[in-house]
Each structure stands twice: as structure tokens, then as C-alpha cells.
Amino acid sequence: DQHSHMLKIKIDPSDIKNTIDISKKIGKKRYALVLDVSGSMGSKATEMVDVLGQIEEELGKLQGIVEIKVLFFSHVLMEVSVGDIASVKDASGYKGGTDFRAPLNEILSLCRQDQETENVVLFMTDGQSSYGWETVANEIKKQKNVKMMAVGYGENVSNRSLETIANEKQNVYSFTGINSSDGLY
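Residues numbered from 1 in each chain as written. Predicted model: local features only at pLDDT ≥ 70, side-chain atom pairs only at ≥ 80, totals over all residues. Heavy atoms only, no water.

Participant: What's the story with the side chain of Lys29 in this structure? I'm lost.
Facilitator: Position of Lys29 among the secondary structure elements: in strand β1 (residues 29–36). Within the structure, the side chain of Lys29 is placed 2.8 Å from the side chain of Glu118, a separation counted as a polar contact. Aside from chain neighbours lying at most four places away, what touches Lys29 is Val66, Glu67, Thr117 and Glu118. (Helix = DSSP H or I, 4+ residues; strand = E, 2+ residues; numbered from the N terminus. Polar contact = N/O pair within 3.5 Å; in protein donor to acceptor, adjacent residues only side chain to side chain. Contact = heavy atoms within 4.5 Å.)

Here it is as C-alpha cells:
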């Protein structure tokens, strides 16, 4: 419609065989939001949980079109359903040490189990892991069906860790300082 600048689509039910399956049009996709809620994050972890809570409604609208994984980690890995993000603040495992191995192994497993699904991963951390994890990160880089983005936030972000996690240098982002979560949503 030229006056309202809206695209109007008319669907003829008698021609249902030409209906486009949106999942076939965009391909199989999985989005994984991976959030560090360990002790080194301090109050920044709470801020980031709040940011994810703000986009929770939008994530819910995508379910059924794409697969969405929400993973929170510290020294343990917690998979959280869309709709339950705020509950992580009270979960056991919130705070504690930082171990990248569990979330990275989960991402690697997802990539390997279904080679046809494109995985887009947003890995949010300060980059301060206490354990050897680089081998798993490098194994993920070999997978052709994953885009790893590393987002550093907090006061003491390890850019070296972020660059090791991301599969391309332009996929590294950093938000540092007092208001480091500003601009993320």
C-alpha cells in the first residue's frame, strides 16, 4: 500500500501447497546465549541477567522459528528456559569459580550433533576462567556451523580470552567500566 507504506500479503487458502515454511527459508538455526554468573563477575552478573530479562519477551517470540538455548555458568552449568531467566539470581551455582569448559563443551556438542544447524553463540564473560579451556575453544573454531561472538563486560576484562573464544577477531566486543552494561540492550 503506497499510502501507508505497509506491505500487505494475501494468502489464498486454496493454494496452500505454496505456503513457505519459514524454517526452510531461513535454514535451521540455534541461538545460544551463554552468561558467566561467577564470583569474578560480582554485581555485573546481576546486571547482565537483568539485560537478558529485558529481551526475554522477544526471545519467546522466536521460539518455534529457531531454537534458543540460554546457558548460565560459574563452576556449574545451568540451562535456563526462556521465561525463567530471572530465576537464575536465586539458583545454586550463582557466584563461585569460573569454568568455561562446561559451556564450551555444550556448544561443541551441539555443533557436532547436527551439522546442518547454524549455531550463533553470544558468550558473555569477563574472561577470567580458572581452568584450562583453550583446547575446547579451538575445537569449536574448526566447526563450520558456528559463529562465536565473545562479549566482555566488567572492570577487568581479559581480551586474550575473548579473542580465543570468538571464531573471528571482529566477533569480539567489550563493555567495561562502571556502566559497562549500558548499550547492550
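Participant: How do you make sense of the pattern of salt bridges when you look at a structure like this?
Facilitator: It is possible for side chains bearing opposite charge to pair when their charged atoms get close. Scanning the model with the defined rule gives nine salt bridges in all. One salt bridge connects Asp99 with Arg101, and the closest N-O pair in it is separated by 2.8 Å. Of the residues examined, Asp99 reaches a relative accessible area of 10% and is grouped as buried. Overall, Arg101 belongs to the partly exposed group, its relative accessible area being 33%. The salt bridge involving Glu134 is made with Arg160; its shortest N-O contact spans 3.6 Å. (Salt bridge = Lys/Arg side-chain N within 4 Å of Asp/Glu carboxyl O. Buried < 20%, exposed > 50% of the residue type's maximum accessible area, 1.4 Å probe, protein only.)

Participant: I keep staring at the nonpolar core and nothing clicks. Help me out?
Facilitator: Across soluble globular proteins, nonpolar side chains show a tendency to be buried alongside one another. With 23 residues, the main nonpolar core has Val34, Leu104, Ile107, Phe123, Ile140 and Met148 as its most contacted residues. Elements represented by at least two residues in this core include exactly β1, β2 (67–73), α4 (101–113), β4 (118–125), α5 (134–141), β5 (146–154) and α6 (159–165). Here Ile140 is in contact with Leu104, Ile107, Leu108, Val146 and Met148, once residues within four sequence places are set aside. In terms of nonpolar packing, the next biggest core, distinct from the first, is built from 21 residues, Val37, Ile55, Met78 and Val151 among them. (Core = buried A, V, L, I, M, F, W, Y, C linked by side-chain atoms within 4.5 Å.)

Participant: Before we go on, may I ask you to explain the packing of aromatic side chains in this structure?
Facilitator: By convention here, two paired aromatic rings are described through the distance between centres and the angle between planes. This structure, assessed with the given rule, holds four aromatic pairs. Ring plane angle 80° and centroid distance 5.8 Å describe the contact between Phe73 and Phe100, whose orientation is recorded as edge-to-face. Placement of the pair is Phe73 in strand β2 and Phe100 in the loop between β3 (77–80) and α4, with a sequence separation of 27 residues. Under the relative-accessibility criterion, Phe73 is labelled buried at 0%. Their ring planes at 65° and their centres at 4.9 Å tell us that Phe100 and Trp133 sit as a pair that is edge-to-face. Of the two residues, Phe100 sits in the loop between β3 and α4 while Trp133 sits in the loop between β4 and α5, which places them 33 residues apart along the sequence. Cluster of aromatic residues (ring-pair linked, three or more members): Phe73, Phe100, Phe123 and Trp133. (Phe/Tyr/Trp six-rings, centres within 6.5 Å; stacked < 30°, edge-to-face > 60°.)

Participant: Quick question: what am I supposed to make of the pairing of β1 here?
Facilitator: It is a general feature of regular strands that their side chains alternate between the two faces of the sheet. Most of β1 is tucked away: seven of the eight residues are buried. Taken together, the seven bridges between β1 and β4 define a ladder with parallel strand orientation. Residue pairing across strands places Tyr31 opposite Val120, the latter belonging to β4. In this sheet, β2 lies alongside β1 in parallel orientation, the contact comprising seven bridges. Residue pairing across strands places Arg30 opposite Glu67, the latter belonging to β2. (Pairing = 2+ DSSP bridges.)

Participant: I'm lost on α5 in this one. Help?
Facilitator: Residues lying three or four places apart along an α-helix face the same way, a consequence of the helix completing one turn every 3.6 residues. Taken residue by residue, α5 has Val136, Ala137 and Ile140 as its buried positions. The arc that holds every buried residue of α5, seen down its axis, measures 100°, which confines them to one face. Tucked into the core, α5 has its buried residues touching α4, β5 and α6. (Arc of directions from axis to C-beta.)

Participant: How should I be thinking about α4 in this particular structure?
Facilitator: Under the 1.5 Å per step criterion, the end-to-end length of α4 is 18 Å for 13 residues, consistent within 8% with the ideal 18 Å. Those residues of α4 not exposed but buried are Pro103, Leu104, Ile107, Leu108, Leu110 and Cys111. Projected down its long axis, α4 shows its buried positions confined to an angular sector of 160°, all on one face. Structurally, α4 contributes buried residues whose contacts are with β1, β2, β3, β4, α5 and β5. (Expected span 1.5 Å × (residues − 1).)

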